[in-house]
Amino acid sequence: AQSVAQPEDQVNVAEGNPLTVKCTYSVSGNPYLFWYVQYPNRGLQFLLKYITGDNLVKGSYGFEAEFNKSQTSFHLKKPSALVSDSALYFCAVRDPGYQAGTALIFGKGTTLSVSS
Amino acid sequence: DVKVTQSSRYLVKRTGEKVFLECVQDMDHENMFWYRQDPGLGLRLIYFSYDVKMKEKGDIPEGYSVSREKKERFSLILESASTNQTSMYLCASSRRGAGELFFGEGSRLTVL
């Protein structure tokens, strides 16, 4: 069965330090992988996606993610965290074999807290 | 910019009421989706539609129905609201293919 796991409910980092938000997936075919961010009482905003090609994907607001097929991971990273990065982050996967076609399967979310 | 508009940001309804949640997108996307978001559970797919008048069940369709009479509009219907349907409802759209989903701001429904 298709699934996405975000093993950490919360990640705490100090401003200026690098951050990593972890994501692993399980799908039957080649995955399409996505990261979204959600600010309080708002919808989800797209950050970046991996479809094919270079394993390192760069996205909005200085975020990047690395696709690792052998570890079935797609961790979100940023070299230097900002207080304004504090939000809820979702990893998602699209599995072409999923009965819902182009729908995304989401992880449970990771709350990122950046302290000044 | 793609815009997905959900008609109501906050709703309070009583148990047994019929509830309509409306969603409109302005980018001529073929696909539209309804998810619900609950703390600790992430987003769960309720229904999706890949064309006008077409609909498919997602992972948690029980207690819900949908309508897509026009390409730009996708409605979620709670025939008889129950307290366990208190949640944040998120509408999204995407173009056919591998494109990302674009989300509305969400509709927070409270059923008393």
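A quick note: this is a predicted structure, and the numbers were derived from the prediction, not measured.

**So, the nonpolar core**
Residues and elements named next belong to chain A.
Here is step 1: Residues Trp35, Leu47, Leu48, Phe74, Leu76 and Tyr89 are the most contacted members of the largest nonpolar core, which totals 27 residues.
Here is step 2: When contributions to this core are tallied by element, the ones reaching two or more residues are β2 (10–14), β3 (19–21), β5 (32–38), β6 (44–50), β8 (64–68), β9 (73–78), β10 (87–94) and β12 (110–115).
Here is step 3: Examining the composition of this core, we find that 4 residues originate from one element, β10, more than from any other.

**Observations regarding the interface of chain A and chain B**
Here is step 1: Facing the 23 residues of chain A at the interface are 25 residues of chain B.
Here is step 2: Carbon and sulfur atoms supply 50% of the area that chain A and chain B bury against each other, a total of about 1,900 Å² over both sides.
Here is step 3: Per-residue buried area on chain A facing chain B is highest for Asn41(A), Thr102(A) and Phe106(A); these three make up 25% of the total on that side.
Here is step 4: Where chain A touches chain B, the interface holds 2 salt bridges.
Here is step 5: Among the ionic pairs, Glu100(B) bridges to Lys49(A), the shortest N-O distance being 2.9 Å.
Here is step 6: Broken down by element, the side of chain A that touches chain B gets its largest block of residues, 4 residues, from β5(A).
Here is step 7: The class makeup of the residues in the side of chain A that touches chain B is 13 nonpolar, 6 polar and 4 charged.

**What to know about the confidence of the model for chain A**
Here is step 1: Counting all residues, the mean pLDDT for chain A is 91, and 94% of those residues have values of 70 or more.
Here is step 2: When mean pLDDT is compared element by element in chain A, β2(A) scores highest at 98, while strand β11 (residues 105–106) of chain A scores lowest at 91.

**Description of the state of the cysteines**
Here is step 1: Enumeration according to the criterion identifies 2 disulfides over all chains in this entry.
Here is step 2: A sulfur-sulfur separation of 1.9 Å characterises the disulfide bridge that pairs Cys23(A) with Cys91(A). Judged by the sign of its S-S torsion, about -65°, the bond between Cys23(A) and Cys91(A) is left-handed. Of the two residues, Cys23(A) is situated in the loop between β3 and β4 (24–26) and Cys91(A) in strand β10; the sequence distance between them amounts to 68 residues.
Here is step 3: A relative accessible area of 0% places Cys23(A) in the buried class.
Here is step 4: On the basis of relative accessible area, Cys91(A) is assigned to the buried category, the value being 0%.
Here is step 5: Each disulfide pairs two cysteine sulfurs, and for Cys23(B) the partner residue is Cys91(B), the sulfurs being separated by 1.9 Å.

Criteria and thresholds
Numbers given for residues are sequential positions, taken from 1 along each chain in its written order. The order in which chains are written sets their letters, starting at A; the order in which ligands are written sets their numbers, starting at 1. With the structure being a predicted model, the display of local features is reserved for residues of pLDDT at least 70 and the display and counting of side-chain atom pairs for 80 or more, all residues being used for whole-chain, interface and lining totals. Side-chain descriptors were evaluated using all non-hydrogen atoms of the structure, hydrogens and water having been removed beforehand. Put simply, buried Ala, Val, Leu, Ile, Met, Phe, Trp, Tyr and Cys residues joined by side-chain atoms within 4.5 Å make one nonpolar core. With a 1.4 Å probe rolled over the protein chains alone, any residue whose accessible area is under 20% of its type maximum counts as buried; one over 50% counts as exposed, and the rest are partly exposed. Only DSSP runs of H or I with at least four residues qualify as helices, and only runs of E with at least two residues qualify as strands; both kinds are numbered from the N terminus onward. Any two residues whose heavy atoms approach within 4.5 Å are treated as being in contact. Here the quantity called buried area is the total loss of accessible area, with a 1.4 Å probe, experienced by two parts when brought into contact, counted for both. Salt bridges are identified by distance alone: a Lys or Arg side-chain nitrogen within 4 Å of an Asp or Glu carboxyl oxygen. Note that Gly is not counted as nonpolar here; it falls among the polar residues with everything else outside the nonpolar set of Ala, Val, Leu, Ile, Met, Phe, Trp, Tyr, Cys and Pro and the charged set of Asp, Glu, Lys and Arg. The predictor's confidence in any single residue is recorded as pLDDT, a number from 0 to 100. The disulfide criterion used throughout: a pair of cysteine sulfur atoms within 2.5 Å.

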